[in-house]
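These are the residues of each chain, in order.
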Amino acid sequence: MKFTDLNPHGGIGANCTYCQIGPFRFALDSGLHPKHAGNDSVPRHDQIDPDGLDFILLTHCHLDHLGSLPLLSRKNPRAPVFLSYPSSILARRMLSNSLAVMKRQRSELNLPELPLYGRADLLALYDRMEIIPIEEPVVFEKNGQAIEITAYHAGHVAGAVSFELTHQGKSVFFTGDLLFNDLRTLDGAQLPRHPVDLLVMETTRGGAERPPGQQREGEITRLLEDIRKALSRGGSVLIPVFALGRMQEMLVVLDEARKNKVLPPTPVFCSGLGMDLVNHIHQISQNFNRVHFKRKVLRSLGAQPLPRRLQPGEPLPMRGIYLVSSGMLVENTPSYMLASSMLGDDRNGLFFVGYCDPSTPGGQLLETEHGEDFLFDAIDIRQKVRASLHRYDLSGHADRDELLAYAEAVSPRKIILHHGDPDARAWFLQKFKERNLPALDPEPLIEYDV
Ligand SMILES: [Zn+2]
Ligand SMILES: [Zn+2]
């Protein structure tokens, strides 16, 4: 197989992989880099000949995997886009939101290339989408040869799949983003355990050791206890979340806690896209038995849209639990604005339930000591850190030890490291070396023959 990582910045970001197996040329995912904007956030599609792809595979609908798919598909109009049924629903909502954000950024960031694609590109992409079943091979033929494509449940977020491709008796397995644990709203990954020839594996949590005994349920208990304390001292709580997946999971966690009287009745406020996705994930759960989510949770919790009179830096007009995106407090998102209002009051709590890149405002805030100043650069507001700040390990990605065990179980001829920061990849390289499993940490934009 020929393999090129088209994410120019390396690490995690504008995920896009270009591969050739026999006569078949295909790409896996095409994302946007969350920390860059405009042309700088796009993978290097120019490394693929125009109209050079036979097909495109989409693992799931987080924007770092999906965001530039309309561009890649526009350049490869004959290539079908294979994806799961939930992804076919979620992709539409995520992309139309992304288009709206880009239109706004055009003037905010003064980037004339925005939006990178238009409505017509989206409609054309939707026509090229082909839903593929789970654990049932689909055969794709070219020049008298056949390649078999099989999708497997990958957990992580509704509709996330891993792909196995088999050609002339050899197989390549792409994990995509992966979570083995069950969530409240989604069953964990169900991957094959038969041997594979090549394994392309995500490495997100290679740099994160899970302390012994620290389990997801324990982290949820700790979070609920901290929420209860903040509310009982008269404060509000901000939980920054990704709109897709994490927000719906947290709604269910809060609803359960309310029903079990672990939390007192309190208003819950949610931001727009996550509220909308509630409807989409409800619809998916009706037809897809691994997703467990009913939109009635909104009513049962009394969840409401954000109050109108929010002013950055000013005290909140209403006390409550604010479950809003972005998960990493990215500039000018609802969570960023709310944090500027809440940080300076010692009754409040800012509780992080997902990964924060160290270079994002969320990551920087977590590094700031209690009592120090924190600058909300984009809105020029400075606050002392008085609220309680905590982080909970509720990652949507598999632990490094689980990934290591999986790689050993399928005994590949070679492992290609993917979707991880340099320290995460370094940990895996070292472990695979100790186990005599050949592993490759590919440089971006270099073609490898493996
Ligand atoms: Zn993801
Ligand atoms: Zn990802």
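Only a predicted model underlies this, so the values are computations on that prediction, with no experimental measurement involved. (Residues numbered from 1 in each chain as written. Chains lettered and ligands numbered in written order. Predicted model: local features only at pLDDT ≥ 70, side-chain atom pairs only at ≥ 80, totals over all residues. Heavy atoms only, no water.)

Participant: Just checking my understanding: could you explain the side chain of Thr203 for this structure?
Facilitator: With respect to the secondary-structure elements, Thr203 resides in the loop between β11 (198-202) and α5 (216-232). With relative accessibility at 0%, the residue Thr203 sits in the buried group. Of note is the side chain of Thr203, whose polar atom sits 3.5 Å from the backbone nitrogen of Gly420. Excluding residues within four positions of it along the chain, Thr203 makes contact with Leu417, His418, His419, Gly420, Ala424, Arg425 and Phe428. (Helix = DSSP H or I, 4+ residues; strand = E, 2+ residues; numbered from the N terminus. Buried < 20%, exposed > 50% of the residue type's maximum accessible area, 1.4 Å probe, protein only. Polar contact = N/O pair within 3.5 Å; in protein donor to acceptor, adjacent residues only side chain to side chain. Contact = heavy atoms within 4.5 Å.)

Participant: Help me understand the coordination of the zinc ion (ligand 2) in this model?
Facilitator: Around the zinc ion (ligand 2), the protein contributes the donor atoms Asp64 (OD), His65 (NE2), Asp177 (OD) and His419 (NE2), at 2.2 to 2.6 Å from the metal centre. For the zinc ion (ligand 2), the four donor atoms in the first shell make angles of 89 to 163° at the metal, a pattern classed as irregular. Each donor residue of the zinc ion (ligand 2) lies on the same chain, and together they follow the pattern D-H-x111-D-x241-H. The metal-metal distance between the zinc ion (ligand 2) and the zinc ion (ligand 1) is 3.4 Å, with Asp177 coordinating both. There is no split in this pair, since Asp64 and His65 are both buried. (Donors = N, O, S within 2.8 Å, 3.2 Å for Na, K, Ca; no water. Tetrahedral: all angles 85-135°; square planar, octahedral: opposite > 155°, others 65-115°.)

Participant: How do you make sense of the sheet that holds strand β12 (residues 237-240) when you look at a structure like this?
Facilitator: Hydrogen bonds along the backbone pair up the strands of a sheet, which may run parallel or antiparallel. Strand order in the open sheet formed by six strands is β14-β13-β15-β12-β16-β19, and the pairing between neighbours is parallel. Edge strands, defined here as strands with exactly one partner in the open sheet, are β14 (303-305) and β19 (388-391). Recorded for the sheet is a direction-independent mean angle of 20° between the axes of neighbouring strands. Sheet topology note: the strand β13 (residues 268-270)/β14 ladder contains three bridges and is parallel. Paired with Cys270 across the two strands is Pro305, which belongs to β14. (Pairing = 2+ DSSP bridges. Axes fitted to C-alpha atoms, helices over the stretch in contact; angles between N-to-C directions.)

Participant: What should I look at first to understand the domain arrangement of the protein chain in this one?
Facilitator: How large an interface is tends to be reported as the accessible area lost when its parts come together. We note that the domain assignment places domain 1 (2-208 + 397-449) and domain 2 (216-391) within the protein chain. Centre-to-centre separation of domain 1 and domain 2, based on C-alpha positions: 29 Å. Residue-level contacts link 26 residues of domain 1 with 28 residues of domain 2. Carbon and sulfur atoms make up 60% of the surface buried where domain 1 meets domain 2, a total of about 2600 Å² over both sides. Contact with domain 2 buries surface across domain 1, with Arg93, Arg184 and Thr185 losing the most and accounting together for 29% of the total. Counting across the interface, domain 1 meets domain 2 through four salt bridges. The partner of Arg184 in a salt bridge is Glu217, with the nearest N and O atoms 2.8 Å apart. Remark: the boundary between domain 1 and domain 2 carries 15 residue pairs in polar contact (both at pLDDT 80 or more). With seven residues, helix α3 (residues 85-108) is the largest single contributor of residues to the side of domain 1 that touches domain 2. (Domains from an automatic or database assignment. Buried area = accessible area lost by both parts, 1.4 Å probe. Salt bridge = Lys/Arg side-chain N within 4 Å of Asp/Glu carboxyl O.)

Participant: What exactly am I supposed to notice about the packing of α3 against helix α4 (residues 119-128) here?
Facilitator: How two helices sit against one another is set out by the angle between their axes and by the gap between those axes. Running from N to C, α3 and α4 cross one another at 165°; their axes reach a closest spacing of 11 Å. The orientation of α3 with respect to α4, classified from their angle, is roughly antiparallel. For the pair α3 and α4, the crossing hand works out as right-handed. Each of Ala91, Arg92, Leu95, Ser96 and Leu99 in α3 lies in contact with α4, whose residues at this interface are Arg119, Leu122, Leu125 and Tyr126. A breakdown of the residues in the contact of α3 with α4 according to their chemical character gives six nonpolar, one polar and two charged. (Parallel < 35°, antiparallel > 145°, perpendicular 65-115°, else oblique. Left-handed = near helix turned anticlockwise from the far one by under 90°. Nonpolar A, V, L, I, M, F, W, Y, C, P; charged D, E, K, R; others polar.)

Participant: Please clarify how the nonpolar core should be interpreted in this entry.
Facilitator: Generally speaking, nonpolar side chains in soluble globular proteins are found buried as a group. Among the nonpolar cores identified, the biggest contains 128 residues, and Met1, Phe55, Leu165, Ile227 and Leu251 are the most heavily contacted of them. When residues of this core are assigned to domains, at least three fall in each of domain 1 (2-208 + 397-449) and domain 2 (216-391). When residues no more than four places from it in sequence are discounted, the contact partners of Phe55 are Phe24, Arg25, Phe26, Ala27, Ala79, Pro80, Phe82, Phe140, Ile147, Ile149 and Leu165. Ranked by size, the runner-up nonpolar core spans 22 residues in total, among them Leu238, Tyr322, Cys356 and Ala387. (Core = buried A, V, L, I, M, F, W, Y, C linked by side-chain atoms within 4.5 Å.)

Participant: Explanation requested: unusual backbone geometry in the structure shown.
Facilitator: Excluding glycine, residues mostly carry a negative phi; peptide bonds, for their part, are mostly trans. With an omega dihedral of -10°, the bond running from Leu114 to Pro115 counts as a cis peptide bond. Its location among the elements puts Pro115 in the loop between α3 and α4. Of note, the phi angle at His156 is positive, near 70°, even though the residue is not glycine. You will see that Lys261, though not glycine, has its phi angle at about 60°, which is positive. Examined against the element boundaries, Lys261 turns out to sit in the loop between α6 (246-259) and β13. On the basis of relative accessible area, Lys261 is assigned to the exposed category, the value being 72%.

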